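# Chain and residue survey
If you want the building blocks of each chain, they are given just below.
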Amino acid sequence: MVKSMSRFAMDAALDYIAARADLMALCAGAPDDAAEAAGFVSNGGKALAVVALTEGAGGVDFSLGQGLISGRRVVVSAQTAVPVADTGTADHIALVDTTAGELLAVTELTETEHISAGEVISVKAFGGEIRDPF
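Description of the structure in this document. (Residues numbered from 1 in each chain as written. Predicted model: local features only at pLDDT ≥ 70, side-chain atom pairs only at ≥ 80, totals over all residues. Heavy atoms only, no water.)

This part takes up the sheet that holds strand β3 (residues 62-66). Strand order across the open sheet formed by three strands is β3-β4-β9, with antiparallel pairing between neighbours. Of all the strands in the sheet, just β3 and β9 (126-130) have a single pairing partner and so form its edges. The average angle at which neighbouring strand axes cross in this sheet is 20°, direction not considered. For strand β4 (residues 72-76) and β9, the ladder comprises five bridges, and the chain directions are antiparallel. Its bridge partner being in β9, R72 is matched across the sheet by I130. Where helix α1 (residues 7-20) meets the sheet, its contacts fall on β3, β4 and β9, and the angle it forms with β4 comes to roughly 20°. (Pairing = 2+ DSSP bridges. Helix = DSSP H or I, 4+ residues; strand = E, 2+ residues; numbered from the N terminus. Axes fitted to C-alpha atoms, helices over the stretch in contact; angles between N-to-C directions. Contact = heavy atoms within 4.5 Å.)

Here's what the structure looks like:
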């Protein structure tokens, strides 16, 4: 039995995220919705630091391409000079469409990091992949 999926179909799914995500949040815990992802811990949310993103694949903050293992991948560019608003341990990154109030993607950090309010940090590039069906 052969299983396959068009790269254009995979790109469309990943482009949905890239075309809409206008905010990246470093969170203490996995957020359940956009408000929790974008809201700071001190206000009842899970965000410790947020940074605005430029939407669109092939632009400043997003690129689509071959997956590392198989399939297709979206990569979010590294971010520098990200101000930390609240103190805590960042263990998730969330991508949010603030206009539609949609939580687009959440990923767990491979290494958690304790950050403190008032710090300015950098966030490494990261990505998500849709693997070829098998």
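As a further point, take α1. Helix length check: α1, at 14 residues, gives a terminal C-alpha distance of 20 Å against a target of 20 Å (1.5 Å per residue), a fit within 8%. Where α1 bends most, the angle comes to about 30°, and this point is L14. Looking at α1, one finds that the buried residues are M10, D11, L14, I17 and A18. The inward-facing, buried residues of α1 contact β3, β4, β6 (88-97), β7 (102-115) and β9. Between a side-chain oxygen at the N-terminus of α1 and the backbone nitrogen of F8 the separation is 3.0 Å; the capping residue is S6. (Expected span 1.5 Å × (residues − 1). Bend = angle between axes of the 7 residues up to and from the residue. Buried < 20%, exposed > 50% of the residue type's maximum accessible area, 1.4 Å probe, protein only. Polar contact = N/O pair within 3.5 Å; in protein donor to acceptor, adjacent residues only side chain to side chain.)

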